[in-house]
Amino acid sequence: IKNNIKSAIKTLNAKIGYCSLACGGDILFAEAMVETNADVTICLPFNRQDFIKTSVEFAGEHWVKRFDELINNYPVKVMTERFEGNPDLFAFHGKVMLGTALLKSQLLHSEAGLITVLSQRNQETHVGGTRDLVKQWPFPAKIININPDELHSFRSKENIDETANDEVGIGAKPVRLILHAVVNGMKGDEIEYLTKRIIKSNPPIFEIPQVVKIDGNVVLAVCESARGALNFAQLMFKNVEPEDTRLSLHAGPVSIDSTVSSPAIDGIAITEVSTITQQALPGLIYCSDQVAAVLLLDRQDILFHPVGIIEVGEKKKTLDVFTIDLLP
């Protein structure tokens with residue numbers, strides 16, 4: 001399988017690669033990139049300890065050793081901190097990883113390709129699994145699949161991302177898209193009226209946010225899709241003075257308590273998005289690399305301009321930040 005992955009890398013002339021690091025195809029791809037003198041960035045949905053438990057150690061200690069060898073020597077991007085039994089993280093992480101490759105190709109004016117290791121005998125599909133992600137890749141002509149059925153007479157297990165634990169942990173937070181804005185020159189009741197008008201706009205808004213919370217001149221909106229969050233941001237700028245508004249988009253696990261008079265929204269991602277807004281310039285839509293990746297996977301009419309890397313949270317997690325430019 002690794003030899004076939006190397007051949008695919010050479011066919012695509014791949015010099016930069018992104019992958020998760022589950023046992024099987026992920027680790028084989030990362031090793032193959034290293035052995036062909038290409039750059040590889042490891043993308044994990046959550047911290048390494050939780051990831052080893054969910055996606056590596058069940059296949060044997062030798063896979064854990066190969067995991068450690070790679071993660072200790074090559075760049076690593078971690079999407080969020082804990083797993084907490086949340087399968088939503090696998091599905092969203094897959095989209096982020098695909099979109100990250102597209103984003104890098106846009107910045108370098110190059111083409112992106114997808115290499116998969118996927119059995120053609122087993123057609124079972126899991127949310128966030130390889131077969132599910134292949135359907136979301138926008139360039140089907142740029143997919144190379146290695147079919148293990150053709151290499152082995154026995155039926156091998158699917159990759160871990162096809163068999164990840166689907167049980168939802170107690171208190172698991174679903175991944176949501178978050179809009180955070182600071183609007184100067186307007187009072188809370190004025191902003192509340194504005195957001196209600198946006199939600200009832202004509203033509204209709206792409207997606208009604210799951211919740212909108214207003215605290216003074218701060219707006220926090222939680223959406224289920226990146227397109228919905230972007231559309232809300234665009235409509236906000238049409239109804240406020242852009243030079244008085246700082247706005248950013250981010251994504252991450254979020255819990256919402258709607259049983260209280262003012263919705264309580266909790267999650268590390270809330271702190272992270274507010275940090276982006278604090279450093280944003282007025283009149284522009286800022287977003288984290290996670291949002292940029294998911295948007296680009298869905299829409300190819302967006303240009304992203306890198307503005308820098310910021311540190312967020314007590315653990316100084318780094319986020320690549322972009323501004324969004326919609327093509328005419």
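Computed from a predicted model, the values in this text were never measured in an experiment.

S.K.: I keep staring at the side chain of threonine 80 and nothing clicks. Help me out?
M.R.: Tracing the backbone through its elements, the reader meets threonine 80 in the loop between strand S3 (76-78) and helix H5 (88-108). Classification of threonine 80 by relative accessible area gives buried; the value is 13%.

S.K.: Can you walk me through the sheet that holds S3 in this structure?
M.R.: Paired through backbone hydrogen bonds, the strands of a sheet run either parallel or antiparallel to each other. The sheet built from 3 strands is open, its strands ordered S1-S2-S3 with parallel pairing. Edge positions in the sheet fall to strand S1 (16-19) and S3, since each of these pairs with one other strand and no more. Looking at each pair of strands side by side, their axes are set apart by 20° on average, direction ignored.

S.K.: What should I look at first to understand unusual backbone geometry in this one?
M.R.: Trans peptide bonds make up the majority, and among non-glycine residues the majority have a negative phi. Cis geometry is adopted by the peptide bond preceding proline 203, which originates at asparagine 202 and carries an omega value of 5°. Here proline 203 is to be found in the loop between helix H8 (188-199) and strand S7 (211-215). Even without being a glycine, asparagine 37 presents a positive backbone phi close to 60°. When you line up the elements, asparagine 37 lands in the loop between helix H2 (25-35) and strand S2 (39-44).

S.K.: Please explain the nonpolar core as it appears in this structure.
M.R.: One recurring pattern in soluble globular proteins is that nonpolar side chains are buried together. Within the largest apolar cluster, 79 residues are counted, with the highest numbers of intra-cluster contacts made by Leu21, Leu179, Leu249 and Phe304. Per element, the largest residue contribution to this core is 8 residues, and it comes from helix H9 (residues 226-239). Ile178, Val211, Val222 and Ile270 belong to the second-largest nonpolar core, a separate cluster that totals 9 residues.

S.K.: Is there a simple way to think about the packing of H5 against helix H11 (residues 289-298) in this case?
M.R.: For any two helices packed against each other, the geometry is given by the interaxial angle and the distance between the axes. Contact geometry of H5 with H11 gives a least axis separation of 7 Å together with a crossing angle of 85°. Taken together, the axis directions place H5 and H11 in an arrangement best described as roughly perpendicular. Packed against H5, whose contacting residues are Phe92, Lys95, Val96, Leu98, Gly99, Thr100, Leu102, Leu103 and Gln106, the element H11 presents Gln290, Ala292, Ala293, Val294, Leu296 and Leu297 at the interface. Its residues assigned to classes, the contact of H5 with H11 comprises 10 nonpolar, 4 polar and 1 charged.

About the criteria used
- Residues numbered from 1 in each chain as written.
- Predicted model: local features only at pLDDT ≥ 70, side-chain atom pairs only at ≥ 80, totals over all residues.
- Heavy atoms only, no water.
- Helix = DSSP H or I, 4+ residues; strand = E, 2+ residues; numbered from the N terminus.
- Buried < 20%, exposed > 50% of the residue type's maximum accessible area, 1.4 Å probe, protein only.
- Pairing = 2+ DSSP bridges.
- Axes fitted to C-alpha atoms, helices over the stretch in contact; angles between N-to-C directions.
- Core = buried A, V, L, I, M, F, W, Y, C linked by side-chain atoms within 4.5 Å.
- Parallel < 35°, antiparallel > 145°, perpendicular 65-115°, else oblique.
- Contact = heavy atoms within 4.5 Å.
- Nonpolar A, V, L, I, M, F, W, Y, C, P; charged D, E, K, R; others polar.

Remember that the coordinates give geometry; whether it matters functionally is a separate question.
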